[in-house]
Amino acid sequence: MSVALSPLEHRPVNAEESGLFSWVGTVDHKRIGILYLLTALFFFAIGGTEAMILRLQLARPNSALISAEAYNQIFTMHGTTMIFLVVMPTLVGFGNYFVPLMIGARDMAFPRMNAMSFWLFPLGGFLLHFSALTGGAPSAGWFSYAPLSETPFSSTQGTDYWILAILVLGIGSVSTAINLIATILTLRAPGLLITRLPLFVWMTFVTSFLIILAIPVLNAALVMLLIDRQLDAHFFLASEGGNVLLWQHFFWTFGHPEVYIMALPAFGMISEIIPVFSRKAIFGYELVAASTVAIAVLSFGVWAHHMFAVGLGHTADMFFTASSMLIAVPTGIKIFNWIATMWGGSIRFTTAMLFATAFLVEFVIGGLSGITFAVAPIDWQVTDSYYVVAHFHYVLFGGTAFALMAATYYWFPKMSGRLLSERLGKVHFWMMVVGFNATFFVQHFLGILGMPRRVFTYPDLPYWGTLNMISTVGAGIMGLASLVFVANIFLSIKRGALAGDNPWEAWTLEWATTSPPPHDNFTEVPPIYGRRPLWDLDHPSDSTHALEPPKDMSFDKSMVAVWTFVASETGFFVILIIAFIFFNASLPAGGPTAAGSLDMKRTGLFTACLVSSSLTLYFSEKALEKRRHVAAVSWLVATIVLGVVFMLGQANEYRGLFERGIVVNSNLFATTFFTLTGFHGLHVTLGLIALGVVLARTLAGDFKNKSTSLLRSVGLYWHFVDVVWLVVFYVVYVRASR
Amino acid sequence: MSMPPVFDPHSPEARAISVLFAQTLVVCAAIGLLVAVLVGYCVVRFRARPGDPAPAENPGNKRLEAVWTAVPLGILVLLFILTARTVGAADPPVDREPDLVVVGHQWWWEATYKEGAVTANEIHIPVGRKVLVRIESADVIHDFWVPQLARKIDAIPGHPGFIWMEADAPGPYVGTCAEYCGVEHAWMRILVIAEPQAEFDAWLAHESHPASALSSDEAAARGAKVFQEKTCINCHAVAGSAHDARVAPSLTHLAERKTLGAGVIGNTPADLAHWLRDPQGVKQGCHMPNLNLTDPEVNDLVTYLETLK
């Protein structure tokens, strides 16, 4: 017995299915997934080469292989590349390929948006690297601390390109996350309840929420830095009244969740691989799933452990010590559950399982050194030293990258139809384990010897030269191991052993179709009684559960997308509003202020226009539901007119301010005011364009026989923009004008 | 083999941290070892062998899971208590005016004693006495880190930091800028010289006054003139002369320092000549320009600067 999937109505199909252009124009999630992975592999080659150059320079003390300036550009590019162009896109690539397959869907919820998200990725990578042709790559480090990243100290355009690249990549990540959430909520096969999701899907789902909430915080900070650099404003320049630490608070509010954005999907991969090769179901599915949520929630409350060296005071330090320690508990739970899964199993040490096993030990080392960083006084010694370099490479390479390599050996047969060579795989594995640990374990010692990170060279102090040389030799072994890996991929894709549908005898839905899967993924999806559909299929007597009806599948994908988008945008505006409140609470005397520059009554009038436009839009929706098309169109036109009036009011207000000489860089009131209201105005404008499109399609008769879904989704966005304005009006005009 | 600096503390504050660090490492090592042993046992004991029956299913065990939730939590509570008890000792509260203000510059340190002496990169302190240091920045964020004597603390524009520094034995203690601060971050090293109170007092008194009167050496006099005319004086202060620029390190007692360029080279007359001829070659990107001095000018300048003791 099986459940046939109904064909998706709107699934775009390529005219051509082969040739280079079929890849460029593809909207197939599998091809997009492969494009992500190959592009990330390309950037991994770049980032890895950068790492090798850094290690060669550091091999000996007082080395002058490359200049200080070159070294600083290269380590900045290495960090940025590995995080934004390698780890995140690789995780997204696997998510793109396997989430729809693992939930028995034919594609992502929004295939065209999926293609757009992908193409933003090479664009971002291009922008970042183009900087090298404009006078120098960025050199302020991957966290671009102000004021070093400000124009007076980074005068080339490298940092500007860095900002643009990260913004572009961030927009791509958010749209992918929205797509994944909508896919997982709305496209699961019958019977695949949320509580039965494969753990990789579950952790990708949780990660997607981290992305939509964390990335906008970074985007807001990046926009402020760009305004500082391009428009001579002073958000982060202390000499002009700005605040240097605000950048750090914003950056790490993004930055720590970002760590889990890079770790959680890797946990998901491990949670798939260990059970399959141990021949046992995951031990304690519920706790593994729940601890993921705990990590995600806690990750927003630990950012200042990156700032212990700032001297925030003991109260703050102890708070963040406690919260950072707390996050170790759900992480530890996962480790023990994985070990318990192996316990009593019948473990097949394929290359995938070897990498997963090494992941366990290496990730634990990274996690334990993480605990030493949670202890504020220890952090006061070893932060910004090589000890921290060792720590985060154990987490991100020994952890995440090892999980990615495990996932590659595990899933490559599904993607290509052929197995990767186990012989080369084992060579790759052992070289990688030896190389990785040789490179990074000794860096713990360098840290406690007092070697700071991000130095292009170092004096010849006792042991420094020897340990650095060991580290460099290890890096060389890692480089060779990576070549073996790449060779394995390119040899096996042509000549590897045929995989068959399910080479590992795994249990999740991606193995229920051919390798590689057909364009539409499945001809039919097996019935789903539990978490391991293919296991249930082999053990019919155990399938005691009735096929439960999917109670939780009534989401509308457009509404899911707009709600998650709104959540993401809320994060962006919250940061802009915080910046406004923060700077206007204590403005240096002399410059323009909210009280002295703004006309609350006049803006109140325009606010009324915007608020009533929400009402007219509501009437329009109701009218459309009742099929009263003339009324619907009239209310829609009224909405657009009210929106335009609001924008004209804002334009007039800006004109008045400009005439009085108040411009974006006058002072921090002006900067925060124009930034906040300007971005809101931009959103109103986008909303007006969207409403215009809806109007045009309504007039063209698109909605006569179809659902009102488009109007409802655009409407939700419009209401959101109005609500944001009410908050802005209160904060900027009512509160600050008192 | 000596202990690494973080575990070779020479002040009560640094000692408090190293004890806490050692305790934490023991706890972490025990956990790490446990995990390694468990994984290792699984690898050996549960490796698949031909003919193995399908393993027994075990979907979970709430009691076991409660154990590995509660026990780590308990250990962390213990670590938190240890931390809370150490924080005060490792970083005592500030209760008076600082003895010393250290300002981070790209890429050198300026140290001003409350008695008025100004020096750079090499900081003298008396053995066995607590010194309260205020840390500031003149440009970007730096970080003052001398691992054997105190915690590290960021030097942040607009946000001064404070540390207590103390050394229980005489000696040079090396430190460095620990926050990436631009092109020459690597060469922003610190040397703290702890000496007995009497020696320190003598040093401070000496340092608070201009260098002993210019020698009558003709070359030195020419060098002093070069110092004026070639605009050195626009950035560097020499106490006792008319100018008191604080853009670059004070050279009042330059000849007594051990290194140049915040640790990049030594401070012999030959080093100094090298530095004057080609500062960008010695420390690429530093703010000292190449003034294209002629060889005689360099020689005279070196002779002059060597008199600044």
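Residues numbered from 1 in each chain as written. Chains lettered and ligands numbered in written order. Predicted model: local features only at pLDDT ≥ 70, side-chain atom pairs only at ≥ 80, totals over all residues.

## A look at the packing of helix H10 (residues 328-342) of chain A against helix H1 (residues 12-45) of chain B
Here is step 1: The contact between H10 of chain A and H1 of chain B brings their axes to 9 Å, and the two run at 20 degrees. As far as their axial angle goes, H1 of chain B and H10 of chain A are roughly parallel. The crossing of H10 of chain A and H1 of chain B is left-handed. Seen from H10 of chain A, the contacting residues are Ile335, Ile339 and Met342 of chain A; seen from H1 of chain B, they are Val35, Leu38, Val39 and Cys42 of chain B.
Here is step 2: Looking at the contact of H10 of chain A with H1 of chain B residue by residue, the classes come out as seven nonpolar, no polar and no charged. (Axes fitted to C-alpha atoms, helices over the stretch in contact; angles between N-to-C directions. Helix = DSSP H or I, 4+ residues; strand = E, 2+ residues; numbered from the N terminus. Parallel < 35°, antiparallel > 145°, perpendicular 65-115°, else oblique. Left-handed = near helix turned anticlockwise from the far one by under 90°. Contact = placed C-beta atoms within 7 Å. Nonpolar A, V, L, I, M, F, W, Y, C, P; charged D, E, K, R; others polar.)

## Some points on the nonpolar core
Most often, soluble globular proteins keep nonpolar side chains buried together rather than apart.
All names here are of chain A.
Here is step 1: The biggest cluster of nonpolar side chains holds 330 residues, and the ones touching the most others in it are Ile103, Ala221, Ile270, Ile273, Phe355, Phe359 and Ala406.
Here is step 2: With 22 residues, helix H6 (residues 199-231) is the largest single contributor of residues to this core.
Here is step 3: Contact partners of Ile103, with chain neighbours within four places excluded, come to Ile184, Leu187, Arg188, Ala189, Leu192, Val201 and Leu509. (Core = buried A, V, L, I, M, F, W, Y, C linked by C-beta atoms within 7 Å. Buried ≥ 20, exposed ≤ 12 C-beta atoms within 10 Å, placed from the backbone.)

## Some remarks on the interface of chain A and chain B
Here is step 1: At the interface, 74 residues of chain A touch 72 residues of chain B.
Here is step 2: Listing elements by their share of the side of chain A that touches chain B, those giving two or more residues are helix H3 (68-102), helix H7 (244-278), helix H8 (285-298), helix H9 (314-326), H10, helix H11 (351-374), helix H12 (376-382) and helix H14 (422-448) of chain A.
Here is step 3: Here the side of chain A that touches chain B takes nine residues from H10 of chain A, the largest share from any one element.
Here is step 4: A class-by-class count of the residues in the side of chain A that touches chain B yields 48 nonpolar, 19 polar and seven charged.

## Comments concerning the sheet that holds strand S8 (residues 161-165) of chain B
All names here are of chain B.
Here is step 1: Across the sheet, which stays open at both edges, the five strands sit in the order S3-S2-S1-S5-S8 with mixed pairing between neighbours. The open sheet is flanked by strand S3 (118-120) and S8, the only strands paired with a single partner. Each strand of the sheet is rotated relative to its neighbour by a mean of 25 degrees, with strand direction disregarded. (Pairing = 2+ DSSP bridges.)

## Some thoughts on the pairing of S8 of chain B
Residue and element names in this part refer to chain B.
Here is step 1: In terms of residue burial, S8 counts as a mostly covered element, since four of its five residues are buried.
Here is step 2: By the bridge criterion, five bridges tie strand S5 (residues 131-137) to S8 in an arrangement that is antiparallel. Across the sheet, residue Ile135 finds its bridge partner in S8, namely Gly161.

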